[in-house]
Amino acid sequence: MQADHDQPTGADEASGPERHGGGADAETGVREDGGAAGRGGTPLVGFTVGVTAARRAEELIALVERRGATVVHAPAMRIVPLADDGELRAATGQLVEQGPDVVIATTAVGFRGWTEAAEGWGLGDALLDRFRGAELLARGPKVRGAIRAAGLTEDWSPASESMAEVLDRLLATGVAGRRIAVQLHGEPLTEFVAALRGAGADVVGVPVYRWLPPEDPGPLDGLIDASVARTVDAITFTSAPAATSLLDRARERGLREALVDALRQDVLVACVGPVTAQPLAAHDVPTAAPERFRLGPLVQLLCQELPARAPVLRVGGHGVAVRGRVALVDGEPRSVTPAQAALLRALSRRPGQVVAPAALLRALPDPVGGEGAVGAAVAGLDAALGVPGLVEAVADRGYRLAAPDPGPGDGARFGDA
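Residue numbers restart at each chain and count upward from 1, following the sequence in its written direction. For this predicted model, a pLDDT threshold of at least 70 governs which residues receive local features, and a threshold of 80 or more governs which side-chain atom pairs are given and counted, while totals over whole chains, interfaces and linings are taken from all residues. No hydrogens and no water enter the side-chain calculation; it runs on all heavy atoms of the structure.

Asks: In this structure, what is going on with the overall build of the protein? I would like to understand it.
Replies: Think of it this way: any DSSP run of H or I at least four residues long counts as a helix, any run of E at least two long counts as a strand, and we number them from the N terminus. In terms of helices and strands, the protein carries 15 helices and 16 strands. Using a 1.4 Å probe on the protein chains alone, a residue whose accessible area is under 20% of its type maximum counts as buried, one over 50% counts as exposed, and one in between counts as partly exposed. Expressed as a percentage of the 417 residues in the protein, the buried residues total 52%. Considering only contacts within the protein whose residues lie at least 6 apart along the sequence, 68% involve residues at least 24 apart. For every accessible area listed, the method is Shrake-Rupley and the probe measures 1.4 Å; residues are considered covered only by the protein chains on display. Counting every atom, the protein has about 17100 Å² of accessible surface; 48% of that belongs to carbon and sulfur. By the convention used here, residues are in contact when the closest approach between their heavy atoms is within 4.5 Å.

This is the structure:
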């Protein structure tokens, strides 16, 4: 069973460590907060990164921007607390009336919200008493902190922060006839609950909040459009519902296939963990995830993956790279239009070789205007780069990027601008 081990402590975020920061990684030169030891600490300069998080988005955005990237913030969902929800109240009353043998706390914000709601209903002390009489399992360090803040002590917590490890422990000790309360975190945990019930447990699901699409879909639509146009270099996801929401919105607009195509080929998809990646994997979208399911390592992943995907090409005596809406020439960012960026990418794949106008037309995000549009975009690109001769027109044949600089190996050299 695939477990929800990367599900967040909040509505849609990875559970963060006690602090995002810390010493440098001696092997990678990248700090825990996503920083880089070299190049002025801005390995993401020129890149554009989409952030789909809602809660704790400011923290993630700050980490990414500190590394030099431009951020497009498009919350893909919103959290709806259920303090007044009849389903939560009914589950709480049921557990107060008949205490559980095991309580599984999965997120800090959810656990706090649950106990606060119970307090408001006059059930707070009774619920905490039931917790004290049960085996209390905490999925990760954040929820452990919430448990202790409530005056309780957890009995066990998995080192992996994995619900799969929680399930393995329960099944190994036996759950037949035991009453197990599972704090849900926006999703029903269908497979997890089914496995417990299949082993004979009486499972009470406790829905402490619900995830819904954003009230204003405008920013999400903008991120979808930018992804399809390849003007973002990466999109970050910190929850599976956020990924599902993006795909669903694209489907509603008739753009899901175009979006999936972009995510498969040109836009890096960075997920905080494998469960977050599941909705994307269902569409054969490749994803990258850090080893530790935290915001800092997620940013560190971007710092490693994005520069590797867009290396600097040494051509015509200059270093050239295209990153989202920016072209780097000798390390200096130059603003380019989506069409110009698309042409530069196409020409960079075959430096020194002539590319026919028809092939370049297919590379344009909006191929309107025929081959004349290609000529206009190439002229604009040449001016935007600010270095005469980097892009050349070859009469009756097409266009080419300047020839690669000679290097120790075959072809162009790649390295720092």
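Asks: Honestly, the packing of aromatic side chains in this entry has me stumped. Any pointers?
Replies: Two aromatic rings are characterised by how far apart their centres lie and by the angle between their planes. Between the rings of Phe, Tyr and Trp (Trp by its six-membered ring), a pair exists once the centres lie within 6.5 Å; its type follows the angle of the planes, with under 30 degrees stacked, over 60 edge-to-face, and the other angles tilted. All chains considered together, the criterion is met by 2 aromatic pairs. An angle of 70° between the planes, with centres 5.2 Å apart, marks the rings of W114 and F131 as edge-to-face. Of this pair, W114 sits in helix α3 (residues 108–120) while F131 sits in helix α4 (residues 124–132), placing them 17 residues apart in sequence. No difference in accessibility class separates W114 from F131, as the two residues are buried. One aromatic cluster is present, built from ring pairs that chain together F111, W114 and F131.

Asks: Is there a simple way to think about the sheet that holds strand β9 (residues 268–271) in this case?
Replies: Strands pair in a sheet through their backbones, by hydrogen bonds, and they do so in one of two ways: parallel or antiparallel. Here, a strand pair is defined by DSSP locating no fewer than two bridges between the strands. The sheet built from 4 strands is open, its strands ordered β2-β1-β8-β9 with parallel pairing. Two strands close off the open sheet at either side, each with one partner strand: β2 (70–73) and β9. For this sheet the average axis-to-axis angle between neighbouring strands, irrespective of direction, equals 25°. Direction of pairing for strand β8 (residues 234–237) relative to β9: parallel, over a ladder of 4 bridges. Residue F237 lies in a different strand from β9, and its bridge partner there is C271. In the packing of helix α12 (residues 295–309) onto the sheet, contacts are made with β1 (48–51), β8 and β9, and the angle to β9 comes to roughly 165°. Lines fitted to the C-alpha atoms define the axes, with helices restricted to the stretch that makes contact. Angles between their N-to-C directions range from 0 to 180 degrees.

Asks: In this structure, what is going on with the pairing of strand β13 (residues 332–335)? I would like to understand it.
Replies: Looking along a regular strand, one sees the side chains alternate between the two faces of the sheet. Of the strand pairs in this sheet, strand β12 (residues 326–329) and β13 are connected by 4 bridges, and their pairing is antiparallel. Across the sheet, L328 pairs through a bridge with P333, a residue of β13. What sits between the antiparallel neighbours β12 and β13 is a turn of 2 residues, in which D330 has the positive phi angle 55°.

Asks: Would you explain the pairing of strand β10 (residues 312–315) in this entry?
Replies: Residues of β10 alternate between two faces, with V312 and R314 on one and L313 and V315 on the opposite face, all of them buried. Sheet topology places β10 next to strand β11 (residues 318–323); 3 bridges connect them, and they run antiparallel. Each residue of the ladder has a partner; that of V315, found in β11, is H318.

Asks: Could you clarify how one ought to interpret the environment of R345 in this entry?
Replies: Locating R345 in the fold gives a position in helix α13 (residues 338–348). With a relative accessible area of 18%, R345 lands in the buried category. With 22 residues separating them in the primary sequence, R345 and R323 have C-alpha atoms 9.2 Å apart.

Asks: For this particular structure, what's the right way to read the nonpolar core?
Replies: The nonpolar side chains of a soluble globular protein tend to be buried, and buried together. The criterion is simple. A nonpolar core is a set of buried Ala, Val, Leu, Ile, Met, Phe, Trp, Tyr and Cys residues joined through side-chain atoms within 4.5 Å. The biggest cluster of nonpolar side chains holds 54 residues, and the ones touching the most others in it are F111, W114, F131, F237, L246, L263 and L280. Residues within four places of L280 in sequence aside, it is in contact with F237, A243, L247, L263, V269, C271, V285 and T287. Of all hydrophobic cores here, the second largest spans 27 residues; its members include V322, A346, L361 and V387.

Asks: What is the right way to read α3 from this model?
Replies: In an α-helix there are 3.6 residues to a turn, and that puts residues three or four apart on one side. End to end, α3 covers 18 Å across 13 residues, agreeing with the expected 18 Å (1.5 Å per residue, within 8%). Polar contacts, as counted here, are pairs of nitrogen or oxygen atoms within 3.5 Å of one another; within protein the pair requires one atom able to donate a hydrogen and one able to accept it, and residues that are adjacent in sequence qualify only if both atoms are side-chain atoms. Capping of α3 at its N-terminal end is provided by T107; its side-chain oxygen lies 3.2 Å from the backbone amide nitrogen of G110. Remark: G122 follows α3 within two positions and exhibits a positive phi of approximately 80°. Expected helix span is taken as 1.5 Å per residue step, with the number of steps being one fewer than the number of residues.

Asks: What is the right way to read the side chain of Q340 from this model?
Replies: Take Q340: it is sitting in helix α13. Only 3.1 Å separates the side chain of Q340 from the backbone nitrogen of T337, close enough to count as a polar contact. With residues up to four places along the chain from it excluded, the contact list for Q340 reads A377, G380, L381 and A384.

Asks: Honestly, unusual backbone geometry in this entry has me stumped. Any pointers?
Replies: With a phi close to 65°, R230 is a non-glycine residue in the positive phi region. With respect to the element layout, R230 can be found in the loop between α8 (218–228) and β8. Taking the relative accessible area as the measure of exposure, R230 reaches 18% and is therefore buried. Positive phi values are uncommon outside glycine, yet D284 reaches one of about 60°. Residue placement: D284 occurs in the loop between α11 (274–281) and α12. Residue D284 is classed as exposed on the basis of its relative accessible area, which comes to 59%.

Asks: Even after reading the chapter, I still don't get the pattern of salt bridges, so can you show me in this structure?
Replies: Close approach of charged atoms lets side chains of opposite charge pair. Within this document, salt bridges are pairs made up of a side-chain nitrogen of Lys or Arg and a carboxyl oxygen of Asp or Glu, the two lying within 4 Å of each other. This model, assessed by the stated rule, comprises 14 salt bridges. When the shortest N-O distance is used, the salt bridge between R253 and D221 registers 3.8 Å. On the criterion of sequence distance, the pair formed by R253 in the loop between α9 (240–252) and α10 (256–265) and D221 in helix α8 is long-range, its members being 32 residues apart. As a salt-bridge pair, R230 and D266 come within 2.8 Å of each other at their nearest N and O atoms. Of this pair, R230 sits in the loop between α8 and β8 while D266 sits in the loop between α10 and β9, placing them 36 residues apart in sequence. A relative accessible area of 29% places D266 in the partly exposed class. One network of salt bridges, in which partners are shared, links D221, D225, R249, E252 and R253.

Interpretation note: all reported values are geometric properties and have no functional meaning in isolation.
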